[in-house]
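Spelled out from the first residue to the last, the chains are:
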Amino acid sequence: MIMERVPNPLVGQLANDLAPVRTLKLRDGLALAVLALVGTVLLVQLVEGLWMTGVYGHASPFFYIGNGLLLASGAAAAVAVVSMASPRVGNRYEGPKWAMATAAVLPVAALVTLLAQPGGPAAYHDEHGIYCLVAGLVCSLLVTGALVHWLRRGAPVSISTAGLLTGVAATALGSAAYGLSCPIDDVMHIGLWHAAPVLVGAIAGRFLLPPLLKW
Amino acid sequence: MIADEPTLARLMAASQQGDKQAYTVLLTEVQLWLERYFRRRCAPAMLDDLVQEVMLAVHRKRASWDASRPFLPWLAAIARYRWVDHLRKVYRTEEDALEDHDAAEDSGEDALLARLSLERMFVQIPSKQSEAIELVKIEGLSIAEAAERSGQSESAVKVNIHRGLKKLAALVEKAE
């Protein structure tokens, strides 16, 4: 016996409501993130002024290694976040984990140096540290806004991971952008105070962003 | 019979351009696919609601499908996301005992469907957690009944549901 299916009225309603849509393209999301990063660098230039010694290549190697690692891990996380807006069973987000593990070399090196120095951690004092931490976080706001906007346009289904990676991407890129203005180029300052925003961003992103990303 | 992946992808691409006829066919096919997809992992009385919920999500989020990628893994990700959300919301309903459907075996489930299936998610969480979720959230037993049936304490059932749902939410895009 063949059973007749009752037509679902929802199908007709949704079809009537149909309008053409502009599909989410990975390159558009990446362009948005790059635009936010460029905007952040311009704001840093306006407010703080870029450290020209570093820009012209005369800073210590730690300046380039530190900011380069932040940039690379931020970029890896940002690419993952942008692709999360288009969900798919089979998506994998391994890249940012390895990028973050690589970037973790920086604070580990700073901690080892801190512990090995005469007098140990007790002798360490960095009066600019907190300022750089806060500045790195403030500089992450534009990229955070861009990535959250992109995710809300899309359909992220791994909400906690999306929040975590958004926090990491925004703070790593924000801290790298701010880092272009910071003239303190020793390993302990960069490894501790310029990397710290990423840890704060990861925790904040994991716990504060999911309510904004749920749909 | 449900349309194949290339046909569904073609219909979805046309729908994104605003083709209402293609969209009607697509949604009808999607409805059939979802009914089959959820049948073994959803209480029968809740099946229609869940399918409609996913269809609305497909409509709202249709811009998030990238035409250069397959359609079904995208649909499955949305379906899994809504399913986990649905399990979180489900409260006990007495008539919701799960019947023994075997549609997947009947239809000769293909490799793609197997890869996308909800079973794949369940086997990746500890058996005590999947058992607790199945008894309470799908079969509709109370915590006390589930504890008695499974041999777990009541608090263990609650903890296993909570942890299991958290793990399922993290597995939505996992294919292995």
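Residues numbered from 1 in each chain as written. Chains lettered and ligands numbered in written order. Predicted model: local features only at pLDDT ≥ 70, side-chain atom pairs only at ≥ 80, totals over all residues. Heavy atoms only, no water.

A. Spotlight on the packing of aromatic side chains. Residues and elements named next belong to chain A. Using the criterion set out here, one finds nine aromatic pairs over all chains in the structure. Plain terms: the ring middles of Trp 51 and Phe 63 are 5.3 Å apart, the flat faces sit at 70° to each other, and that makes the pair edge-to-face. Pair noted here: Trp 51 is in the loop between α2 (26-47) and α3 (52-55) and Phe 63 is in helix α4 (residues 61-84), with a separation of 12 residues, a long-range link. Since its relative accessible area comes to 3%, Phe 63 is described here as buried. Taking NZ or CZ as reference, Arg 206 lies 4.8 Å from the ring centre of Phe 207, over its face. (Phe/Tyr/Trp six-rings, centres within 6.5 Å; stacked < 30°, edge-to-face > 60°. Helix = DSSP H or I, 4+ residues; strand = E, 2+ residues; numbered from the N terminus. Buried < 20%, exposed > 50% of the residue type's maximum accessible area, 1.4 Å probe, protein only. Lys NZ or Arg CZ within 6 Å of the ring centre and 35° of its normal.)

B. Representation of the nonpolar core within the structure. Formed by 96 residues in total, the largest nonpolar core has its most connected members in Leu 34, Phe 38, Met 55, Phe 71, Leu 75, Trp 83 and Leu 168 of chain B. For this core, the element with the most residues is helix α4 (residues 72-89) of chain B, which contributes 11 residues. If sequence neighbours within four positions are ignored, Phe 71 of chain B has contacts with Glu 5, Leu 8, Ala 9, Met 12, Leu 26, Val 30 and Trp 65 of chain B. Within the second largest apolar cluster, seven residues are counted, among which are Ala 59, Phe 63, Ala 103 and Ile 190 of chain A. (Core = buried A, V, L, I, M, F, W, Y, C linked by side-chain atoms within 4.5 Å. Contact = heavy atoms within 4.5 Å.)

C. Layout of the pattern of salt bridges. Tallied over the entire structure, the rule returns four salt bridges over all chains. Of the charged contacts, one joins Lys 97 of chain A and Glu 94 of chain A as a salt bridge, the two residues approaching to 3.9 Å between their closest N and O atoms. Residue Asp 85 of chain B pairs with Arg 82 of chain B through a salt bridge whose shortest N-O separation is 3.1 Å. With a gap of three residues between them, Asp 85 of chain B and Arg 82 of chain B both fall in helix α4, about one helical turn apart. Here Arg 82 of chain B falls in the buried class, since its relative accessible area comes to 6%. (Salt bridge = Lys/Arg side-chain N within 4 Å of Asp/Glu carboxyl O.)

D. Representation of the UniProt feature "domain: RNA polymerase sigma factor 70 region 4 type" (unreviewed entry) in chain B in the model. UniProt records the feature "domain: RNA polymerase sigma factor 70 region 4 type" (unreviewed entry) at residues 116-168 of chain B, using the numbering of this structure. Split by type, residues 116-168 of chain B is 77% helix and 0% strand. Its first and last C-alpha atoms lie 14 Å apart. (UniProt positions renumbered as here; feature names shortened; annotations may be inferred.)

E. A look at the interface of chain A and chain B. With 36 residues of chain A at the contact, the number on the chain B side is 43 residues. Here chain A packs against chain B, burying approximately 3,500 Å² in sum over the two surfaces, 57% of which is carbon and sulfur. Among the residues chain A hides against chain B, the three largest losses belong to Leu 18, Val 89 and Trp 215 of chain A. Together they make up 24% of the total. Where chain A packs against chain B, one counts zero salt bridges. Elements that contribute at least two residues to the side of chain A that touches chain B include exactly α1 (9-16) and α8 (141-153) of chain A. Per-element tally for the side of chain A that touches chain B: the top contributor is α1 of chain A, with five residues. (Buried area = accessible area lost by both parts, 1.4 Å probe.)

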